Amino acid sequence: MLVKIVQDVQDERKARPSEKKSMIDLFMEVEDDKGNKLEDEEIVNLLLLFLRAGHESSASAATWATIFLHDNPETLKKAKVIDETLRIVNLLYANFRVAKVDANINGHFIPKGWKVLVWNREVHLNSENHENPKDFRPS
């Protein structure tokens, strides 16, 4: 499916070139020393490689950092900068949860089984929850 999406974007860029250059445009323009351009399939493969490599390497590094901090509680106590960074940056802006029991939240009845959208950014950057919520202040 991703291959089709990237190929469709590439086809659209060929049909309607833009002054604003993206990575796909640069791949379509690049030539080797003999003037040969990349084939469509090569461009799609490169774009998917960059997409996957960036995602997987960042996720892998964050996972290992979490494991190492968990295994070293004294270091974790010193690592409040990570907590504060994640509070402000919000890697996930929102996520869904399923109510396991009937609940009343701020006067709103949430029946068991309903999906609830938790807006992390609102929680972490709300002045009711944090004094000066946009200030970076690891403690």
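Residues numbered from 1 in each chain as written. Predicted model: local features only at pLDDT ≥ 70, side-chain atom pairs only at ≥ 80, totals over all residues. Heavy atoms only, no water.

Draft legend 1. Structural context of the overall build of the protein chain. A count of helices and strands for the protein chain gives six helices and four strands. Going residue by residue from the N terminus, the α and β elements of the protein chain occur as α-α-α-α-α-β-β-β-β-α. Judged by the C-alpha coordinates and their principal axes, the protein chain covers about 65 × 40 × 30 Å. With 139 residues in all, the protein chain has 17% of them scored as buried. (Helix = DSSP H or I, 4+ residues; strand = E, 2+ residues; numbered from the N terminus. Buried < 20%, exposed > 50% of the residue type's maximum accessible area, 1.4 Å probe, protein only.)

Draft legend 2. Expanded view of the confidence of the model for the protein chain. Considering every residue of the protein chain, the mean pLDDT works out to 85; 96% of them sit at 70 or more. When pLDDT is averaged over each element of the protein chain, strand β3 (residues 108-110) comes out on top at 95 and helix α3 (residues 40-71) at the bottom at 79. (pLDDT = per-residue confidence, 0-100.)

Draft legend 3. Fine view of the nonpolar core. Membership of the largest hydrophobic core is limited to eight residues, which are Val6, Ile24, Phe27, Met28, Ile43, Val44, Leu47 and Leu48. Counting residues per element, the ones that place at least two in this core are α2 (23-29) and α3. Sorting elements by how many residues they give to this core places α3 first, with four residues. Setting aside its immediate chain neighbours within four residues, Leu48 contacts Leu2, Val3 and Val6. (Core = buried A, V, L, I, M, F, W, Y, C linked by side-chain atoms within 4.5 Å. Contact = heavy atoms within 4.5 Å.)

Draft legend 4. The arrangement of the environment of Ala99 in detail. Structurally, the position occupied by Ala99 is in the loop between β1 (94-98) and β2 (103-105). Not counting the four nearest positions on each side in its chain, Ala99 is found in contact with Ile110, Pro111, Lys112, Gly113 and Trp114.

Draft legend 5. Examining the side chain of Asn120 more closely. Mapped onto the elements, Asn120 comes out in helix α6 (residues 120-124). Ignoring anything within four residues of it in the chain, the contact list for Asn120 reads Asn90, Leu92, Tyr93, Ala94 and Asn95.

Draft legend 6. Region of interest: unusual backbone geometry. A positive phi angle, close to 50°, is found at Asn106, a residue other than glycine. Within the secondary structure layout, Asn106 lies in the loop between β2 and β3. Among the residues examined, Asn106 registers a relative accessible area of 75% and is labelled exposed. We note that Asn132 has phi near 50°; this positive angle belongs to a residue other than glycine.

Draft legend 7. Region of interest: the environment of Asn104. Mapped onto the elements, Asn104 comes out in strand β2. Residue Asn104 is classed as exposed on the basis of its relative accessible area, which comes to 57%. Sequence spacing of Asn104 and Glu41 is 63 residues, and the spatial spacing of their C-alpha atoms is 53 Å. Polar contacts involving the side chain of Asn104 include one to the main-chain amide nitrogen of Gly107, which spans 3.0 Å. Only 3.4 Å separates the side chain of Asn104 from the backbone nitrogen of His108, close enough to count as a polar contact. (Polar contact = N/O pair within 3.5 Å; in protein donor to acceptor, adjacent residues only side chain to side chain.)

Draft legend 8. Broad picture of a nonpolar patch on the surface. Taken together, the side chains of Val81, Ile82, Leu86, Val89, Leu91, Leu92 and Phe136 make up a nonpolar region of the molecular surface, amounting to roughly 650 Å² of accessible area. Residue classification places Val81 among the partly exposed positions, given a relative accessible area of 41%. (Patch = residues over 30% accessible without salt bridge, like charges linked within 9 Å, V, L, I, M, F, W, Y side chains within 5 Å. Areas by Shrake-Rupley, 256 points an atom, 1.4 Å probe, with all protein chains shown as cover. Salt bridge = Lys/Arg side-chain N within 4 Å of Asp/Glu carboxyl O.)

Draft legend 9. Quick peek at the side chain of Arg87. Mapped onto the elements of the fold, Arg87 is located in helix α5 (residues 80-89). Of the polar contacts made by the side chain of Arg87, one reaches the backbone oxygen of Asp135; its length is 3.2 Å. Those residues within four positions of Arg87 in sequence are excluded, and the remaining contacts are His124, Leu125, His130, Pro133 and Asp135.

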